[in-house]
Amino acid sequence: MRVLHYVDAENISWAVPYIEHIKSLEAFNIEGALLCRKGGELERLATENSITVFTWKPLISNLPFISPSFVKAVKKFNPDIIHTRLSSASGIAGYWKNFHHVPVISTFDKPAKAKYYSHSDFCISCAEWLKNYMVNIQRINEKKITVIHNPVNSEKFSRNENIRNNFRKILGLSDDDILFSGMGIYIYRKGFDVLIRAFAKVKDLYKGEKKLNLALIGAEGEKGMRENYLRLANELNIKIIMPEKFVDDVKKWLWASDVFVMPSREEGFSIALLEGLASGLPVIVSDIEPFTEIISHEKNNGLIAEKDNPESFAEKMLKMLEIGEKGRKIFVSNSLNMIEKNFTLEAAARKTFEVYEFMISKSIRQPF
């Protein structure tokens, strides 16, 4: 089976797990190739991982009918399936489907207008809440959508204690220090201002002997946001640890941490949360639907705070300290078991392969 993965971009924030997912499909005898724009992280990573890469740029992404050379790009690989990510790629591949006669499967990672998926043969949602949104709000046929959660390379993120200890020394942390960490690009919807305010409250209320620290693992997203966070921390009389530049490999930061906090105001589906869980960290998340699909009271695998509420996050952070190391280990154990059952690369690849098989069984291919 030959699958052409198409992203109308040169860079995406989840490029590494995306390429890992394409590679994991090879275990099911799928020959994959990537079609993307030239000169970015996607092309580089695919080439480094021995994935065939084709590059192409539409004249105008939201006007697919003026880019007929897309069909030429498809013919180079002659796939059995075209699997798109991002709405612009879905719109382009779907529009030209009658000219290349290849089934189009589209994955969406965030809410999007149904028009981009009107010609897709089948859709994959990265989260259950997002499927419900696309069905109930965008009116996509429920029978044309299934849910396959984004995966995490759990083996890669399995904690290395030596690296943890060495990096904590670099950060100036002692063995008894507690490091709360948030992770993501510095933009408003990530809610890091909420986390900073919550941490300041925790520092005031905490009666224990351990030194508390806060790190924001990320890089500038919205202009001036990094300085805004530093200014807010200074006003609240706290210090935060922030990398000087974009972090290519977040593992050592996660391994150096003790509690992972995701205060996002909104998300499509958070790979960062899965990476935190896979790194063996107990988590505190905001009560938004992508997070509550993963973290819940029933699963006993983390704590949930009210979105946009520093007091609620401070309460949960204090509770995480109060339950101690033994209680936090229970959260971690339950989370790691959940990941191994539902969120591994192998699990996502198997479910994706089943969708491919189903679509090919329904398809009547016509030669180019």
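Rules of the game
Residues numbered from 1 in each chain as written. Predicted model: local features only at pLDDT ≥ 70, side-chain atom pairs only at ≥ 80, totals over all residues. Heavy atoms only, no water. Helix = DSSP H or I, 4+ residues; strand = E, 2+ residues; numbered from the N terminus. Rg over C-alpha atoms; globule rule 2.2 N^0.38 Å. Buried < 20%, exposed > 50% of the residue type's maximum accessible area, 1.4 Å probe, protein only. Contact = heavy atoms within 4.5 Å. Pairing = 2+ DSSP bridges. Right-handed = clockwise from strand over helix to strand, strands pointing away. Axes fitted to C-alpha atoms, helices over the stretch in contact; angles between N-to-C directions. Arc of directions from axis to C-beta. Polar contact = N/O pair within 3.5 Å; in protein donor to acceptor, adjacent residues only side chain to side chain. Core = buried A, V, L, I, M, F, W, Y, C linked by side-chain atoms within 4.5 Å.

Caption draft 1: Structural view of the overall build of the protein. For the protein, the count of helices and strands is 16 helices and 12 strands. In summary, the protein has a C-alpha radius of gyration of 22 Å against a globular reference of 21 Å for 368 residues, a match within 12%. C-alpha extents for the protein along the principal axes are approximately 70 × 40 × 40 Å. Counting over 368 residues, the protein shows a buried share of 57%. For the protein, the proportion of contacts with a sequence separation of at least 24, taken over those separated by at least 6, is 65%.

Caption draft 2: Examining the pairing of strand β6 (residues 122-125) more closely. A two-sided burial pattern is seen for β6, the buried positions comprising Phe122 and Ile124 on one face and Cys123 and Ser125 on the other. With 4 bridges joining them, strand β5 (residues 104-108) and β6 adopt parallel strand pairing. Paired with Thr107 across the two strands is Ile124, which belongs to β6. Of the pairings in the sheet, the one linking β6 to strand β7 (residues 145-147) comprises 3 bridges and is parallel in character. Counterpart to Cys123 in the pairing with β7 is Ile145. What joins β6 to β7 is helix α6 (residues 128-136), and the crossover it makes is right-handed.

Caption draft 3: Region of the structure containing the sheet that holds strand β2 (residues 31-36). If you trace the 7 strands from one edge of the open sheet to the other, you get β3-β2-β1-β4-β5-β6-β7, paired in parallel fashion. The two strands at the open ends of the sheet, each matched to only one other strand, are β3 (52-55) and β7. The mean angle between the axes of side-by-side strands here comes to 25 degrees, regardless of whether they run parallel or antiparallel. Those strands touched by helix α4 (residues 87-95) are β1 (2-7), β4 (81-85) and β5, and its axis lies near 150 degrees from that of β4.

Caption draft 4: Structural detail: helix α8 (residues 161-170). Here α8 has its buried residues at Arg164, Phe167 and Arg168. Projected down its long axis, α8 shows its buried positions confined to an angular sector of 105 degrees, all on one face. What points out from α8, more than 90 degrees from its buried face, is the exposed set Asn162, Lys169 and Ile170. Tucked into the core, α8 has its buried residues touching β8 (178-183) and α11 (251-256). With a side-chain oxygen positioned 3.1 Å from the backbone nitrogen of Asn162, the residue opening α8 is Asn160. Positive phi shows up at Gly172, right after α8, with a value of about 80 degrees.

Caption draft 5: Main features of the nonpolar core. Formed by 46 residues in total, the largest nonpolar core has its most connected members in Leu171, Trp253, Leu254, Leu273, Leu277 and Ile294. The element that contributes the greatest number of residues to this core is helix α12 (residues 271-278), accounting for 5 residues. Those residues in contact with Trp253 that sit more than four places away from it in its chain are Phe167, Leu171, Ala215, Ile217, Ile241, Met242, Pro243 and Val247. In this structure, Phe199, Val202, Leu321 and Phe331 belong to the second largest nonpolar core, which totals 33 residues.

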